[in-house]
There are 4 protein chains.
Amino acid sequence: MTITTDQAKAVIEAGETKAVALGVPMNIVVLDAGAHLKAFLRMDRALLGSIDVAQRKARTSALFRAPSEAIWDYCKPGAPAPGLELSNGGLAPFGGGLPLIGREGAMIGAVGVSGGSVGQDLEVARAAAAALIP
Amino acid sequence: MTITTDQAKAVIEAGETKAVALGVPMNIVVLDAGAHLKAFLRMDRALLGSIDVAQRKARTSALFRAPSEAIWDYCKPGAPAPGLELSNGGLAPFGGGLPLIGREGAMIGAVGVSGGSVGQDLEVARAAAAALIP
Amino acid sequence: MTITTDQAKAVIEAGETKAVALGVPMNIVVLDAGAHLKAFLRMDRALLGSIDVAQRKARTSALFRAPSEAIWDYCKPGAPAPGLELSNGGLAPFGGGLPLIGREGAMIGAVGVSGGSVGQDLEVARAAAAALIP
Amino acid sequence: MTITTDQAKAVIEAGETKAVALGVPMNIVVLDAGAHLKAFLRMDRALLGSIDVAQRKARTSALFRAPSEAIWDYCKPGAPAPGLELSNGGLAPFGGGLPLIGREGAMIGAVGVSGGSVGQDLEVARAAAAALIP
């Protein structure tokens, strides 16, 4: 099972709605379960540098089936896997990437958000991911 | 002037509508005038390999302010710029990428489409680009 | 649906058996439906340069849901998509990559073979892919 | 002397057996003495992100003829070679990569394992490497 086009649109739209509410223009990425690009939207005035960051967050989540910031527990100073963030072309081990969970409870893709503070990015990612919860 | 989020959504939607009419699932990319990703949609069952091809077509168009296939006239056998297609990380010098023209007549971005035959891709790209024409 | 470990092993083993019968050491790659590495075997004395070639063939097949050589019809001299082979990090538009089809008829992965002549590579790829046919 | 196909299969199989015993699906990579891919297996449900990590661990071991985590002593904070982990396309200076030693005591390749905790990865790598000890 991987995410459908309709689901991806709903994720993007829910993220955009939250970003508008926060007043922060965001880049929002949806990947499928194989970490391939499914949908993307850059809101007007969102930072150019955040296009890549949003994609890395989503990719980090899809590849490790975890929130992007969970990777930091493995590679932060003193943690058991220093340099893990260098793998897979460069991970983004901080908040804003979340797995997307389908109705059967399996990961069907991932969302990545970047453009504001890490806290704002995560808030938008959560709102986006919640679009798949019935 | 560069493309707005609303314009990008309209371009994607017009392309998707045409692709549905043709019965061919497509990857549709919108870049801004600086060749940076603005919006993207992969329709269900569109080829994974076409994600990159669609992006290259749009990038080729945005970078050279021309339909992607126009590059071929410069790099085809006997033409004056052999290898031009190797520049910029690899161009896609065939149909399916088009500049997006704003109301003042200037290029505000580009669209790239891939998933069907070159003729189908170009047809969808034209329908997508036409969404900006009042 | 994507290929299982047991299926991947059966594909590799069937390819190896055919390569032994031909007397040509091969590199055999199995990717899943998302073009991610699932299994690999380099037979003794197989060419080092064929590791990458086998992976590109399998990747070409997985990304375009087609035998790798089918891409050549689109990018050969006079064909409508010159330079298509430059996409996706470089395709291998010649024989030796095949989609792997599961019991429901959908693509569940791809196999890529390199080490001999293109004809030998394709023969081994066919034997490998046939391991999934009940 | 470099690892043979039969030896590589034995290494993969011993690693898989240990991973099954631990109940953690793993990616297991075998490289030859020249750090070229010899064999690979991704067990069902192993993390996609660990394909690359397992390869980096094995590569780190093969390139420096040492357990992958030994590199950390050179590049950790205060150590004499900061940034060493950025060399060679990015090393993985943490546990799970081990040299494979042949009967004459020389390195004939390396194994890399990723998918669980660093401790689990190392345990599987040790079991895999032990397959070559008569």
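Residues numbered from 1 in each chain as written. Chains lettered and ligands numbered in written order. Predicted model: local features only at pLDDT ≥ 70, side-chain atom pairs only at ≥ 80, totals over all residues. Heavy atoms only, no water.

## Notes on the overall build of chain A
Thinking step 1. When helices and strands are counted, chain A shows 4 helices and 4 strands.
Thinking step 2. For chain A, the N- to C-terminal ordering of α and β elements is α-β-β-α-α-β-β-α.
Thinking step 3. Overall size of chain A, expressed as C-alpha extent along the three principal axes, is 40 × 35 × 20 Å.
Thinking step 4. The 134 residues of chain A split such that 57% are buried.
Thinking step 5. Considering only residue pairs separated by 6 or more positions, chain A has 62% of its internal contacts joining residues 24 or more positions apart.
Thinking step 6. Of the accessible surface of chain A, which amounts to about 5300 Å², a share of 57% is contributed by carbon and sulfur atoms.
Thinking step 7. Measuring between centres, the 12 positive side-chain charges of chain A sit 1 Å from its 12 negative side-chain charges. (Helix = DSSP H or I, 4+ residues; strand = E, 2+ residues; numbered from the N terminus. Buried < 20%, exposed > 50% of the residue type's maximum accessible area, 1.4 Å probe, protein only. Contact = heavy atoms within 4.5 Å. Areas by Shrake-Rupley, 256 points an atom, 1.4 Å probe, with all protein chains shown as cover. Lys, Arg positive; Asp, Glu negative; His and termini not counted. Charge placed at Lys NZ, Arg CZ, Asp CG, Glu CD.)

## So, the interface of chain A and chain D
Thinking step 1. Between chain A and chain D, the contact holds 14 residues from the first and 15 residues from the second.
Thinking step 2. Between chain A and chain D the total buried area reaches about 1200 Å² when both faces are included, carbon and sulfur atoms providing 67% of it.
Thinking step 3. The largest per-residue losses of area from chain A upon contact with chain D belong to A:Arg65, A:Pro82 and A:Leu86, which jointly make up 42% of the total buried on that side.
Thinking step 4. There are 0 salt bridges connecting chain A and chain D.
Thinking step 5. Seen at the junction of chain A and chain D, the total is 5 residue pairs in polar contact (both at pLDDT 80 or more).
Thinking step 6. The residue makeup of the side of chain A that touches chain D, split by class, is 8 nonpolar, 5 polar and 1 charged. (Buried area = accessible area lost by both parts, 1.4 Å probe. Salt bridge = Lys/Arg side-chain N within 4 Å of Asp/Glu carboxyl O. Polar contact = N/O pair within 3.5 Å; in protein donor to acceptor, adjacent residues only side chain to side chain. Nonpolar A, V, L, I, M, F, W, Y, C, P; charged D, E, K, R; others polar.)

## Considerations on the packing of helix H1 (residues 5-22) of chain D against helix H4 (residues 118-130) of chain D
Residues and elements named next belong to chain D.
Thinking step 1. Here H1 crosses H4 at 140 degrees, and the two axes come no closer than 7 Å. The angle between H1 and H4 falls in the class oblique. Note that H1 runs across H4; the crossing there is right-handed. Contacts between H1 and H4 pair Val11, Ala14, Gly15, Lys18, Ala19 and Leu22 from the former with Gln120, Glu123, Val124, Ala127 and Ala128 from the latter.
Thinking step 2. Grouping the amino acids of the contact of H1 with H4 by side-chain chemistry returns 7 nonpolar, 2 polar and 2 charged. (Axes fitted to C-alpha atoms, helices over the stretch in contact; angles between N-to-C directions. Parallel < 35°, antiparallel > 145°, perpendicular 65-115°, else oblique. Left-handed = near helix turned anticlockwise from the far one by under 90°.)

## Considerations on the interface of chain D and chain C
Thinking step 1. Across the contact, 18 residues belong to chain D and 18 residues belong to chain C.
Thinking step 2. For the pairing of chain D and chain C, the buried interface totals around 1600 Å² over both sides, and the portion due to carbon and sulfur atoms is 48%.
Thinking step 3. If you sort the residues of chain D by the area they bury against chain C, D:Leu37, D:Lys38 and D:Arg42 come out on top, with a joint share of 33%.
Thinking step 4. At the surface where chain D touches chain C, the tally comes to 6 salt bridges.
Thinking step 5. Elements with a minimum of two residues in the side of chain D that touches chain C: H1, strand E2 (37-42) and helix H2 (49-64) of chain D.
Thinking step 6. Considering each element in turn, the side of chain D that touches chain C owes the most residues, 6 residues, to E2(D).
Thinking step 7. Residue composition of the side of chain D that touches chain C, grouped by class: 8 nonpolar, 4 polar and 6 charged.

## Remarks on the environment of C:Gln120
Residue and element names in this part refer to chain C.
Thinking step 1. Tracing the sequence through the fold places glutamine 120 in helix H4 (residues 118-130).
Thinking step 2. The class of glutamine 120 is partly exposed, set by a relative accessible area of 26%.
Thinking step 3. Expressed as a C-alpha distance, the spacing of glutamine 120 and methionine 26, which sit 94 residues apart in the sequence, is 9.5 Å.
Thinking step 4. Sequence-distant contacts of glutamine 120, defined by excluding residues within four places in its chain, comprise Leu22, Val24 and Met26.

## Considerations on the sheet that holds strand E4 (residues 107-114) of chain D
Thinking step 1. With respect to topology, 8 strands assemble into an open sheet ordered E3(C)-E4(C)-E1(C)-E2(C)-E2(D)-E1(D)-E4(D)-E3(D), the strand pairing being antiparallel. Both outer strands of the open sheet, strand E3 (97-101) of chain C together with strand E3 (97-101) of chain D, are each paired with one neighbouring strand and no more. Neighbour-to-neighbour, the strand axes of this sheet turn through a mean angle of 20 degrees, independent of strand direction.
Thinking step 2. Looking at chain direction, E3(D) and E4(D) are connected through 5 bridges and run antiparallel. When the bridges of E4(D) are listed, D:Leu100 appears paired with D:Gly109.
Thinking step 3. The strands touched by H4(C) are strand E1 (27-32), E3 and strand E4 (107-114) of chain C; relative to E4(C), the strand with the most contacts, the crossing angle is about 150 degrees. (Pairing = 2+ DSSP bridges.)

## Examining the relation of the copies chain D and chain C
Thinking step 1. Aligned on chain C, chain D shows an RMSD of 0.1 Å; the corresponding rotation is 179 degrees and the shift along the axis is 0.1 Å. Both copies are brought into coincidence by an operation consistent with a two-fold rotation axis. Identified as the residue of chain D closest to the rotation axis by C-alpha distance is D:Phe40, at 2.4 Å.
Thinking step 2. The overlap is high: 100% of the interface residues of chain D also sit at the interface in chain C, so the same surface is used on both sides. (Least-squares fit on C-alpha atoms with pLDDT ≥ 70 in both.)

## Some remarks on the relation of the copies chain A and chain D
Both copies of the chain are related through a single rotation about an axis accompanied by a shift along the same axis.
Thinking step 1. For the pair chain A and chain D, the superposition axis carries a translation of 0.0 Å, the fit reaches an RMSD of 0.1 Å, and the rotation angle comes to 90 degrees. The superposition operator between the copies reduces to a four-fold rotation axis. When C-alpha distances to the rotation axis are compared across chain A, the minimum falls at A:Leu86, with a value of 5.8 Å.
Thinking step 2. Comparing interface residues between copies, only 7% of those in chain A also sit at the interface in chain D, which points to a heterologous contact through distinct surfaces.

## Observations concerning the sheet that holds strand E4 (residues 107-114) of chain B
Thinking step 1. If you walk across this open sheet you meet the 8 strands as E3(A)-E4(A)-E1(A)-E2(A)-E2(B)-E1(B)-E4(B)-E3(B), and the pairing is antiparallel. Each of the sheet's edge strands pairs with one partner strand only, and the pair in question is strand E3 (97-101) of chain A together with strand E3 (97-101) of chain B. Direction aside, the axes of adjacent strands within the sheet are offset by 20 degrees on average.
Thinking step 2. On top of the sheet, helix H2 (residues 49-64) of chain A reaches strand E1 (27-32), strand E2 (37-42), E3 and strand E4 (107-114) of chain A together with strand E2 (37-42) of chain B; it is set at about 150 degrees to E4(A), its chief contact.
Thinking step 3. Each of E1, E3 and E4 of chain A touches helix H4 (residues 118-130) of chain A; the most contacted strand, E4(A), lies at about 150 degrees to it.

## Considering the nonpolar core
Thinking step 1. Counting residues in each nonpolar core, the largest one holds 66 residues, and the members touching the most others are A:Phe64, A:Leu84, C:Leu37, C:Phe64, C:Leu84 and D:Leu37.
Thinking step 2. Apart from residues no more than four positions distant in its own chain, C:Leu84 is found in contact with B:Val53, B:Phe94, C:Phe64, C:Ile71, C:Tyr74, C:Cys75 and C:Leu91. (Core = buried A, V, L, I, M, F, W, Y, C linked by side-chain atoms within 4.5 Å.)

## Section: the environment of A:Ala66
Thinking step 1. In this structure, A:Ala66 sits in the loop between H2 and helix H3 (72-75).
Thinking step 2. Residue contacts for A:Ala66: discarding those within four places in its chain leaves A:Ser61, A:Gly97 and A:Pro99.

## What about unusual backbone geometry?
All names here are of chain A.
Thinking step 1. Non-glycine residue arginine 45 carries a positive phi angle of around 75 degrees.
Thinking step 2. Tracing the chain through its elements places arginine 45 in the loop between E2 and H2.
Thinking step 3. A relative accessible area of 77% places arginine 45 in the exposed class.

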